Amino acid sequence: MEFLVRFWGTRGSIPTPGHATKRFGGNTSCVALTIDGVLIICDGGSGLRELGLHLTEQQKGPIEAHMFFSHMHWDHIQGFPFFVPAYSKDSKLYVYEVSKGEQRIKEMLHGQMSSDYFPVQFSDLGAQILSGNLESGSTSIDGVTIKSFEQHHPGRSYAYSFEKGGKKFVYATDNELDLTLLNREESLCNHATLRRGPAAFSDCIRDADLLVADGQYPDDEYPAKIGWGHARANTVVDAAIAANVKQCAIYHHDPMHSDSGVDSIVIAAQRRAELAGSPVTVFGAREGMTLKL
Ligand SMILES: [Zn+2]
Ligand SMILES: [Zn+2]
């Protein structure tokens, strides 16, 4: 079985091209999965543009893709108008949305292409843009089981798990896990204390072969950013350890953090896992990195 994961964008908030972000990458959120030939795309940040160019070059024809958006903040949709396969007749793009609340994903993709913001209209896209079925919060595509999980983020966001053939991948970005900790106060005073996350999140990520999770802040920076919707990397590591996750990618890097800033967050997170005696592999998500599960 083939289960490939490739990072096309790892940054949060805004693209940050330049020398200081060259190693981890400057494009905003986008991860592609290829599971036995099924193409699944998590988020459409600016990294989606390069994924589109890659697909066009590789496939030389229409594509079929299943798109899952964590939420509609700009850094998760801004690549969509530049996604070349969306202009190709005969391409089929399935857009999935959890049916809750007012936020309608297709309408919002539409909105960012209104004539005040963009020269091409959504209605002019050549591809068939279809609604995927995620009504009950879970679905299945060619044997891939997908479940969604509601997270803590301003305006709400969703995590998704993808499973097939005994392999499990979880995409959990833009989630302020720290707000949901059972020992939140204690964890803010004593950074060394084990952070106890909610059981529901543990269940969502349990036994994942790879968890890609928002770990934007180091412990010392977080107190000034409480309520901004993002987690401490060390909190994600504790959750990964508790849920028997095999690999944990720290994701959604802060636009204010250079490569060396991300390095120090990742090194601290790796050390935390080591001190806990956990076998989990912790690393920083890097644009262009491909993993085989
Ligand atoms: Zn974001
Ligand atoms: Zn967000």
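Whatever comes next refers back to the structure up there.
Analysis parameters
Residues numbered from 1 in each chain as written. Chains lettered and ligands numbered in written order. Predicted model: local features only at pLDDT ≥ 70, side-chain atom pairs only at ≥ 80, totals over all residues. Heavy atoms only, no water. Core = buried A, V, L, I, M, F, W, Y, C linked by side-chain atoms within 4.5 Å. Buried < 20%, exposed > 50% of the residue type's maximum accessible area, 1.4 Å probe, protein only. Contact = heavy atoms within 4.5 Å. Donors = N, O, S within 2.8 Å, 3.2 Å for Na, K, Ca; no water. Tetrahedral: all angles 85-135°; square planar, octahedral: opposite > 155°, others 65-115°. Pairing = 2+ DSSP bridges. Helix = DSSP H or I, 4+ residues; strand = E, 2+ residues; numbered from the N terminus. Axes fitted to C-alpha atoms, helices over the stretch in contact; angles between N-to-C directions.

> If you had to explain the nonpolar core to someone new, which residues and values would you point to?
Within the largest apolar cluster, 30 residues are counted, with the highest numbers of intra-cluster contacts made by Phe7, Val31, Phe68, Phe162, Phe169 and Leu210. Beyond its immediate chain neighbours, meaning those up to four positions away, Phe169 contacts Phe3, Val5, Val31, Leu33, Cys42, Tyr160, Ser161, Phe162, Leu210, Val212 and Leu293. If you look at the next biggest cluster of nonpolar residues, it comprises 27 residues, including Trp8, Leu39, Phe83 and Ala86.

> Explain the coordination of the zinc ion (ligand 1) residue by residue, including any values.
Binding of the zinc ion (ligand 1) to the protein goes through Asp75 (OD), His76 (NE2), Asp174 (OD) and His252 (NE2), at separations of 2.1 to 2.2 Å. Considering all four donor atoms around the zinc ion (ligand 1), angles at the metal cover 90 to 170 degrees and the coordination shape is irregular. Sequence spacing of the donor residues for the zinc ion (ligand 1), all on one chain, is D-H-x97-D-x77-H. Metal-to-metal, the separation of the zinc ion (ligand 1) and the zinc ion (ligand 2) is 3.6 Å; Asp174 coordinates the two. Per residue, the accessibility class of Asp75 equals that of His76, and both read buried.

> How would you sum up the sheet that holds strand E5 (residues 92-96)? Please name residues and give values.
Taken in spatial order, the seven strands of this open sheet run E6-E5-E4-E3-E2-E1-E14, and their pairing is mixed. Across the chains shown, the open sheet's two edge strands, defined by having one partner strand only, are strand E6 (128-132) and strand E14 (290-292). Geometrically, the sheet is characterised by an average inter-axis angle of 20 degrees between neighbouring strands, direction not taken into account. Across six bridges, strand E1 (residues 3-9) lies against strand E2 (residues 30-35) in antiparallel orientation. Paired with Gly9 across the two strands is Cys30, which belongs to E2. Of the strands in this sheet, E1, E2, strand E3 (38-42) and strand E4 (64-68) touch helix H1 (residues 47-59), which is tilted by about 125 degrees from E1.

> Lay out the sheet that holds strand E9 (residues 157-164) with the relevant residues and their values.
Ordered by their spatial adjacency, seven strands build an open sheet running E7-E8-E9-E10-E11-E12-E13, and the pairing between neighbours is mixed. Since the sheet does not close on itself, it has two edges, and those belong to strand E7 (138-141) and strand E13 (281-284), each with one partner. Averaged over all adjacent pairs, the angle separating strand axes in this sheet is 20 degrees, with direction ignored. Inspection of the sheet shows E7 paired to strand E8 (residues 144-151) by four bridges, in the antiparallel sense. From the neighbouring strand, Ile141 faces E8, where its bridge partner is Val144. Of the strands in this sheet, strand E11 (210-214), strand E12 (247-251) and E13 touch helix H5 (residues 233-242), which is tilted by about 150 degrees from E11.

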